[in-house]
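Descriptive structure summary
Listed here are the chains, written in short residue letters.
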Amino acid sequence: MKSSFYFTIGGKMVEQKSFKERVKETVIQCAGLYKSYYVDYEYLICSSAFVKNVYYIISSHEDNYLHLTGVHTNLDAATFFKKCYNGTLQESEFGFCKKGKSEKEVKGSVRRKINSLPFIIGMFENVTNVEEDFSKNRIKCALAAGNSSVTLGFVVVGKAKPMTLLKGNELDESKAKSIDLVLRRKSGDDKFMDIILGDVGKLTEYVELLKDELSEDLLLRVM
């Protein structure tokens, strides 16, 4: 059952989609992009902002997607993603009720998240800053990446996994610094093969610390 309604402009009937319908369309549209950019690849990130670790490896999974949408659902996170990915998610399968929060608060959070969700694609190929031990209100993340459009927070247990999404750049300017180098590999591969941010000169600066993570082709370019 569609929840859209119609109004008239200049004598023409115009469809006005409900908020819930717009949320459904956005999470479905972005699921494929999320998979192709985050789930299908891992990223190794280096920055002078890092004190606790020399580098972080970003490893995202299908079940991390739900956290980035802010919606409530009785579906498990993996099933929620699959329904988004194959376009079968129904409006009856998610909502905006969360313990300790009003529906208005939850909707406001979801609105900010779905407006931001498309901007996480390509995040590691553009001007992006990073910060360890990110904190904003009640949100605490071991690592966060931010640009002018969004802030993406990660939990780090071995590898870093996305756990929260905020609108705009919420990083602490006194702690955040730009990413120096980003390497990429296909999920499941052992070695990083591609430089997607930075260059061979920057890789040379880090090569002694990263050599166990690099493919033979990358090592040959810097040795």
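Residues numbered from 1 in each chain as written. Predicted model: local features only at pLDDT ≥ 70, side-chain atom pairs only at ≥ 80, totals over all residues. Heavy atoms only, no water.

1. Some words on the overall build of the protein chain
In terms of regular secondary structure, the protein chain is built from six helices and 11 strands. Overall, the C-alpha framework of the protein chain stretches about 70 × 40 × 35 Å when taken along its three principal axes. Sequence-distant contacts, at least 24 apart, represent 55% of the contacts inside the protein chain between residues at least 6 apart. Carbon and sulfur atoms provide 50% of the accessible area of the protein chain, an area that totals close to 11900 Å². (Helix = DSSP H or I, 4+ residues; strand = E, 2+ residues; numbered from the N terminus. Contact = heavy atoms within 4.5 Å. Areas by Shrake-Rupley, 256 points an atom, 1.4 Å probe, with all protein chains shown as cover.)

2. Description of the environment of Leu 209
One can find Leu 209 in helix H5 (residues 200-210). Between the C-alpha atoms of Leu 209 and Tyr 55, which are 154 residues apart in sequence, the distance is 8.9 Å. Setting aside residues up to four positions removed in sequence, Leu 209 forms contacts with Val 54 and Tyr 55.

3. As for the packing of aromatic side chains
In total, this model carries 14 aromatic pairs according to the counting rule given. Residues Tyr 65 and Phe 81 carry aromatic rings whose centres are separated by 5.4 Å and whose planes lie at 80° to one another, so their mutual orientation is edge-to-face. Remark: Phe 81 occurs in helix H3 (residues 77-85) and Tyr 65 occurs in helix H2 (residues 65-69); sequence separation between them is 16 residues. With respect to burial, Tyr 65 and Phe 81 carry one shared label: buried. Ring centres 5.7 Å apart and planes at 20° place the aromatic pair Phe 81 and Tyr 85 in the stacked group. (Phe/Tyr/Trp six-rings, centres within 6.5 Å; stacked < 30°, edge-to-face > 60°. Buried < 20%, exposed > 50% of the residue type's maximum accessible area, 1.4 Å probe, protein only.)

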